[in-house]
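Listed here are the chains, written in short residue letters.
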Amino acid sequence: PRAAGGRFARIHHVNMLYYQAWGLAEADCSLVWRYVKSVAASGALGDLGCHGLGLVSFVTGQRYLKVAAHLDTIVHERRLPDGSGRGPVDVDDFSNILAEMSDGISASFQISRFAYGRGNYQMMEVYGEKGALIYTLDENGQGQDSLRVCLEPLGRDNQQFETVRIPGRYRADQMQSFADLLL
């Protein structure tokens, strides 16, 4: 947003959600590699959260200075893929992160594999001195993305967000396309 001609001016806050539902107990996902620390090294934070953390840093052009996080596991064991029993889950199922970024940006992240009704849902909100944007990936579970902006002079007092058409050449299943659009 800063690189986009300075239209947002100084960025104050960024909120990032990355939600999926396939980890819910009712989904009965077996103990796949993503749930095994010796193979995956991390859970939802490393699998999903790293993309959100990278995107926010890339879009703002800033780095992380301080973070505080809460990570936990909801389902502690799952059936083994071969059906021979159950095995322990030893990675995080969700994480909540608060971060201080350079340039004074306050960022928050919620990452979960237990978000009922979500497929591959992401939402990033960026709030600056003179503008804001809300980017949503897979908003309705059918692969549709949206970009809404609120800019001076109309937006501040009227809280009017306009939906911006995302050009066809930027439509892809990659967050890089979104960053390219902003830049």
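Residues numbered from 1 in each chain as written. Predicted model: local features only at pLDDT ≥ 70, side-chain atom pairs only at ≥ 80, totals over all residues. Heavy atoms only, no water.

1. Concerning the pairing of strand β6 (residues 106–112)
Pairing of strand β1 (residues 11–19) with β6 involves seven bridges; the strand directions are parallel. Each residue of the ladder has a partner; that of M16, found in β6, is F109. Sheet analysis places strand β5 (residues 94–101) next to β6, joined by seven bridges and oriented antiparallel. Bridge pairing in β6 links I97 to F109. (Pairing = 2+ DSSP bridges. Helix = DSSP H or I, 4+ residues; strand = E, 2+ residues; numbered from the N terminus.)

2. Description of the side chain of D47
By secondary structure assignment, the location of D47 is in helix α2 (residues 44–60). A distance of 2.8 Å separates a polar atom in the side chain of D47 from a polar atom in the side chain of R34. Once residues within four sequence positions are removed from consideration, D47 is found in contact with W22, R34 and R113. (Polar contact = N/O pair within 3.5 Å; in protein donor to acceptor, adjacent residues only side chain to side chain. Contact = heavy atoms within 4.5 Å.)

3. Focus on the environment of G61
Mapped onto the elements, G61 comes out in the loop between α2 and β2 (64–72). Residues G61 and S102, spaced 41 residues apart in sequence, show a C-alpha to C-alpha distance of 9.0 Å.

4. Focus on the sheet that holds β1
Strand order in the open sheet formed by eight strands is β2-β5-β6-β1-β7-β8-β9-β10, with mixed pairing between adjacent strands. At either margin of the open sheet sits one strand with a lone partner, and together these are β2 and β10 (162–163). In this structure, strand β8 (residues 131–137) lies alongside strand β9 (residues 146–151), joined through six bridges in antiparallel fashion. Within the sheet, the bridge partner assigned to A132 lies in β9 and is C150. This element, α2, spans β1, β2, β5, β6 and β7 (121–128) of the sheet and lies at about 150° to β1. (Axes fitted to C-alpha atoms, helices over the stretch in contact; angles between N-to-C directions.)

5. Structural notes on the side chain of Q20
For Q20, the location among the structural elements is in the loop between β1 and α1 (37–40). Here W22 takes part through its side chain, which lies 2.5 Å from a polar atom of the side chain of Q20. Among the polar contacts made by the side chain of Q20, one reaches the side chain of N120 at a distance of 2.7 Å. Beyond its immediate chain neighbours, meaning those up to four positions away, Q20 contacts L48, S112, R113, F114, A115, R118, G119 and N120.

6. Overview of the packing of aromatic side chains
By the definition in use, this model includes three aromatic pairs. Centre to centre, the rings of Y19 and Y121 are 6.4 Å apart; their planes meet at 20°, and the pair counts as stacked. Taken together, the residues Y19 in strand β1 and Y121 in strand β7 connect sequence positions 102 residues apart. Between W22 and Y35 the ring centres are 5.5 Å apart and the planes differ by 55°, which places this aromatic pair in the tilted class. Separated by 13 residues along the polypeptide, W22 in the loop between β1 and α1 and Y35 in the loop between β1 and α1 bring together distant segments of the chain. Its relative accessible area of 0% is what places Y35 among the buried residues. (Phe/Tyr/Trp six-rings, centres within 6.5 Å; stacked < 30°, edge-to-face > 60°. Buried < 20%, exposed > 50% of the residue type's maximum accessible area, 1.4 Å probe, protein only.)

7. Considerations on unusual backbone geometry
Positive phi values are uncommon outside glycine, yet A9 reaches one of about 60°. With respect to the secondary-structure elements, A9 resides in the segment before β1. Within the chain, D28 stands out as a residue other than glycine whose phi angle is a positive 55°. As for its placement among the helices and strands, D28 is situated in the loop between β1 and α1.

Any link to function would need more than the numbers given here.
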